[in-house]
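# Close look at the chain arrangement
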Amino acid sequence: MSDFDRPTVVMCPAGPMLLRGDHEVQDADGTVHRTKRPVSAVCMCGSSATKPWCDGTHKLLAARSRESDKKPG
Amino acid sequence: MLPKSRGTLSADVFTALQSGSTAHLGTEPESEEDAQIALWTLYELHYRGFDEVDPELEWDPDLLRVRRSLERTFEADLRRQWEESPLHADPDLDLTGLVERHDGPSLARFVRRKADREQVLEILKHRSIYHLKEADPTSWVVPRLETRVKAALMEIQFDEYGNGDPNRLHHHLFRRGMEAAGLRTDHACYIDEVPVEILAMNNAVTMFGLHRRLRGAALGHFAAFESTSSIPSRMLAQGLRRLDFPEQMAAYYDEHVEADAVHEQVAVRDVCGAYLEEEPNDRDLVLFGAFTGMELEAHYARLMLAQWGES
């Protein structure tokens, strides 16, 4: 029996980057944020209100772009 | 304390719970409310129990007979709703697609922009039935899973339970918020005020959790719940701050914005994705669980918005 894959950094398609374990994440302004849960989600869409952490906003952006795709012209 | 009965079956069940005399119990509810409050109370024997009920009755065969009969009717009704949904007909539908395409009104958006204080207090009382035992129904599923799925589920559950810190445990955060908002905080104390839609939501998640056969539905329900939490939680926090609710109450929802953005990814990929690799025949069951969670939430949102003249 082999062990299971368990990556510590996971890029979610059209979503955040998951970080497993304790990390110090420096945001774009240079401020360092410590992770505080077993898995943390780092914003990759740039639109989170709680950066550097993901707050789910990428899904609103995706929904909006689907809506605008539907509009004629 | 036992809830108030909502019909003849629940009245008989509650009398039997106090007397211990259960052999005569029938199984036919008078109404949906009667069925759901009876089922909720029978399930509660497996959670916290009631001071006035002998703990032995948790495994009383006649109470289990009543429970089973109520569950069969409830499960059949939930499956009918799923099978009648246009989403069910799409053979390529996956969990992410179901969450994106399921349509329901948003109570959170209403709270963010328009709700008044009394309306929010009403919602908090209703939500307390679940939030004061948040994550518990999903914990029933843990021993029924294989290694990989079990580890992924526990990674989330550990976060739900505060990562070992009782002060971070989610029911504790909700209780602190309720207390700060001037609400009562004892377990299920608002049960007599909740509509049948709330009872059905709570009973569905417990039914999925308690039946090994339905573990795929429990996982799908869980993933849908986590996937529809971050953005609504942010709206709820904004609404609570707009109405000057205490910071502890808004903080409960802040925690869910960030935590559930993580949980969603792990629940969809590492829990349900891995489970379906092991149990590919359970695809429909996982989707059924996810649909049920969102559909019952939509029933509740419609009821409340209609009650407040918002529909």
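Parameters and conventions
- Residues numbered from 1 in each chain as written.
- Chains lettered and ligands numbered in written order.
- Predicted model: local features only at pLDDT ≥ 70, side-chain atom pairs only at ≥ 80, totals over all residues.
- Heavy atoms only, no water.
- Helix = DSSP H or I, 4+ residues; strand = E, 2+ residues; numbered from the N terminus.
- Rg over C-alpha atoms; globule rule 2.2 N^0.38 Å.
- Buried < 20%, exposed > 50% of the residue type's maximum accessible area, 1.4 Å probe, protein only.
- Areas by Shrake-Rupley, 256 points an atom, 1.4 Å probe, with all protein chains shown as cover.
- Lys, Arg positive; Asp, Glu negative; His and termini not counted.
- Charge placed at Lys NZ, Arg CZ, Asp CG, Glu CD.
- Axes fitted to C-alpha atoms, helices over the stretch in contact; angles between N-to-C directions.
- Parallel < 35°, antiparallel > 145°, perpendicular 65-115°, else oblique.
- Left-handed = near helix turned anticlockwise from the far one by under 90°.
- Contact = heavy atoms within 4.5 Å.
- Nonpolar A, V, L, I, M, F, W, Y, C, P; charged D, E, K, R; others polar.
- Salt bridge = Lys/Arg side-chain N within 4 Å of Asp/Glu carboxyl O.
- UniProt positions renumbered as here; feature names shortened; annotations may be inferred.
- 1 Å grid on protein atoms, 1.4 Å probe; cavity = no way out; pocket = protein on both sides within 12 Å on 5 of 7 lines; lining within 4 Å.
- Points joined across faces, edges and corners; volume = space filled by probe spheres on them.
- Pairing = 2+ DSSP bridges.

### Focus on the overall build of chain A
- Regarding its fold elements, chain A presents 1 helix and 5 strands.
- A globule of 73 residues ought to have a C-alpha radius of gyration of about 11 Å, yet chain A, at 16 Å, is considerably larger.
- The buried share of chain A, reckoned over its 73 residues, is 34%.
- About 4,900 Å² of surface is accessible on chain A, with carbon and sulfur atoms providing 53% of the total.
- Taken together, the 11 basic and 9 acidic charged side chains of chain A have centroids lying 7 Å from each other.

### Here we look at the packing of helix α11 (residues 215-227) of chain B against helix α14 (residues 283-307) of chain B
Residue and element names in this part refer to chain B.
- It is at 6 Å that the axes of α11 and α14 come closest, and there the two elements cross at 45°. Relative to α14, the element α11 is oriented oblique. The two elements α11 and α14 cross, and the hand of that crossing is right-handed. Of α14, the residues touching α11 (which contributes Gly-216, Ala-217, Gly-220, His-221 and Ala-224) are Leu-285, Val-286, Phe-288, Gly-289, Ala-290, Gly-293 and Met-294.
- Here the residues of the contact of α11 with α14 are counted per class, giving 7 nonpolar, 5 polar and no charged.

### Observations concerning the pattern of salt bridges
- Per the counting criterion, the structure on display carries 31 salt bridges over all chains.
- Among the ionic pairs, Arg20(A) bridges to Glu155(B), the shortest N-O distance being 2.7 Å. Of this pair, Arg20(A) sits in strand β2 (residues 17-20) while Glu155(B) is found in helix α8 (residues 147-160), placing the two residues in two different chains.
- The exposure class of Arg20(A) is buried, given its relative accessible area of 9%.
- Residue Glu155(B) is classed as buried on the basis of its relative accessible area of 11%.
- One salt bridge connects Arg65(B) with Asp62(B), and the closest N-O pair in it is separated by 3.1 Å.

### Some remarks on the UniProt feature "domain: Iron-binding zinc finger CDGSH type" (unreviewed entry) in chain A
- The sites that carry the UniProt feature "domain: Iron-binding zinc finger CDGSH type" (unreviewed entry) are, in the present numbering, residues 20-64 of chain A.
- Strand forms 24% of residues 20-64 of chain A and helix 18%; the C-alpha atoms that close the span are 30 Å apart.

### Things to note about empty space enclosed by the protein
Residue and element names in this part refer to chain B.
- Here the structure, examined in full by the defined rule, presents 6 cavities of 30 Å³ or more.
- Its volume calculated, the largest cavity comes out at about 100 Å³.
- Around the largest cavity, the lining is made up of 13 residues, and of these Tyr-130, Thr-138, Phe-222, Phe-225 and Glu-226 lie nearest the centre.
- Sorting the residues of the lining of the largest cavity by element identifies α8, α11 and α13 (247-278) as the ones contributing at least two each.
- With 4 residues, the top contributor of residues to the lining of the largest cavity is α11.
- Classifying every residue of the lining of the largest cavity by side-chain character gives 5 nonpolar, 4 polar and 4 charged.

### Observations regarding the sheet that holds strand β1 (residues 9-11) of chain A
Residues and elements named next belong to chain A.
- The sheet built from 3 strands is open, its strands ordered β1-β2-β5 with antiparallel pairing. Either end of the sheet is taken by a strand with one partner, and the two such strands are β1 and β5 (39-42). Along the sheet, successive strands turn relative to each other by an average axial angle of 20°, direction set aside.
- Pairing between β1 and β2: 3 bridges, direction antiparallel. Note on β2: the bridge partner recorded for Val-9 is Leu-19.

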